[in-house]
Amino acid sequence: MKFCSVCGSEVVQKIPEGDSLTRYVCENCGTIHYQNPKVIVGTIPIWEGKILLCKRAIEPRKGYWTLPAGFLENRETVEEGAARETSEEANAKIDIVRLHSVYSIPHISQVYMFFLANLIDGVFSESPESEEVKLFSPEEIPWEEIAFASVTFALKRYTERSEPSNTGTHMGSIRNRKLEDKT
């Protein structure tokens, strides 16, 4: 950031009084410009015991499988965002059951929230963001072709559950890119 979005003056990086972190600060109007993590929301859509996955038609990780997910928009709840992303990527309607997992990636300032959801009518199809959309039984998941560590984490917590009634939320994180490649 180079200029203040309030008054247009140059900003400097410093620790504001009463704070403990370096921020962009406008010394002209006093505005502190906070930069916060991006929230990514998505679902684990289930139909007759199978999980709906989307093969990415866009970068990053084009051609790899993922859960329907994307950036939360301003003025929407996390549940609304997850349902919207499922509709956009898989043309599917869902009923959200519960929060399934939260996965933090601090080195890129992202937080992933995946919700367990039921497909309403079993209808889904490709979209501009997904070149293929398919139901997989847990045994059929193409683990070596999963696009992101956050998706692998969510899917593993779902498929490795010991009790079908498991209602806990799973927490995970990764600290750097080298570790992500091994997850």
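Keep in mind that this is a model prediction, so the values were computed, not measured. (Residues numbered from 1 in each chain as written. Predicted model: local features only at pLDDT ≥ 70, side-chain atom pairs only at ≥ 80, totals over all residues. Heavy atoms only, no water.)

For the bond running from glutamate 59 to proline 60, omega is 0°, close enough to zero to count as cis. Positive phi outside glycine occurs at arginine 75, with the angle close to 70°. Examined against the element boundaries, arginine 75 turns out to sit in the loop between strand 7 (69–71) and helix 1 (78–90). (Helix = DSSP H or I, 4+ residues; strand = E, 2+ residues; numbered from the N terminus.)

All right, on to the pairing of strand 4 (residues 38–47) then. In the case of a regular strand, side chains alternate between the two sheet surfaces. Most of strand 4 sits inside the fold, with seven of its ten residues counted as buried. Pairing of strand 4 with strand 9 (residues 110–119), which is carried by nine bridges, proceeds in the parallel orientation. Paired with valine 41 across the two strands is methionine 113, which belongs to strand 9. Where strand 4 folds back onto strand 5 (residues 50–56) in an antiparallel hairpin, the turn is made up of two residues, including glutamate 48, whose phi is positive at roughly 50°. (Buried < 20%, exposed > 50% of the residue type's maximum accessible area, 1.4 Å probe, protein only. Pairing = 2+ DSSP bridges.)

A full pass over the atoms with the stated rule returns three aromatic pairs. Ring geometry for tryptophan 65 against phenylalanine 136: centres 5.0 Å apart, planes inclined by 80°, an arrangement best described as edge-to-face. Placement of the pair is tryptophan 65 in strand 6 (residues 65–66) and phenylalanine 136 in strand 10 (residues 130–136), with a sequence separation of 71 residues. Residue tryptophan 65 is classed as buried on the basis of its relative accessible area of 4%. Judged by centre distance (5.1 Å) and plane angle (40°), the ring pair of tyrosine 103 and phenylalanine 153 falls under tilted. Taken together, the residues tyrosine 103 in strand 8 (residues 94–105) and phenylalanine 153 in helix 2 (residues 149–159) connect sequence positions 50 residues apart. Here tyrosine 103 falls in the buried class, since its relative accessible area comes to 2%. Lying over the aromatic face of tyrosine 64, arginine 61 brings its terminal NZ or CZ to 4.0 Å of the ring centre. In this structure, lysine 156 is placed above the aromatic ring of tryptophan 143, and the distance from its NZ or CZ to the ring centre is 4.4 Å. (Phe/Tyr/Trp six-rings, centres within 6.5 Å; stacked < 30°, edge-to-face > 60°. Lys NZ or Arg CZ within 6 Å of the ring centre and 35° of its normal.)

So, on to the UniProt feature "domain: Nudix hydrolase" (unreviewed entry) in the chain. UniProt records the feature "domain: Nudix hydrolase" (unreviewed entry) for residues 36–159 in the present numbering. Helix makes up 19% of residues 36–159 and strand makes up 41%, while its end C-alpha atoms are separated by 32 Å. (UniProt positions renumbered as here; feature names shortened; annotations may be inferred.)

Among the eleven residues of helix 2, eight are classified as buried, and the element is accordingly described as predominantly covered. Within helix 2 the residues assigned to the buried category are Ala149, Ser150, Val151, Thr152, Phe153, Ala154, Leu155 and Tyr158.

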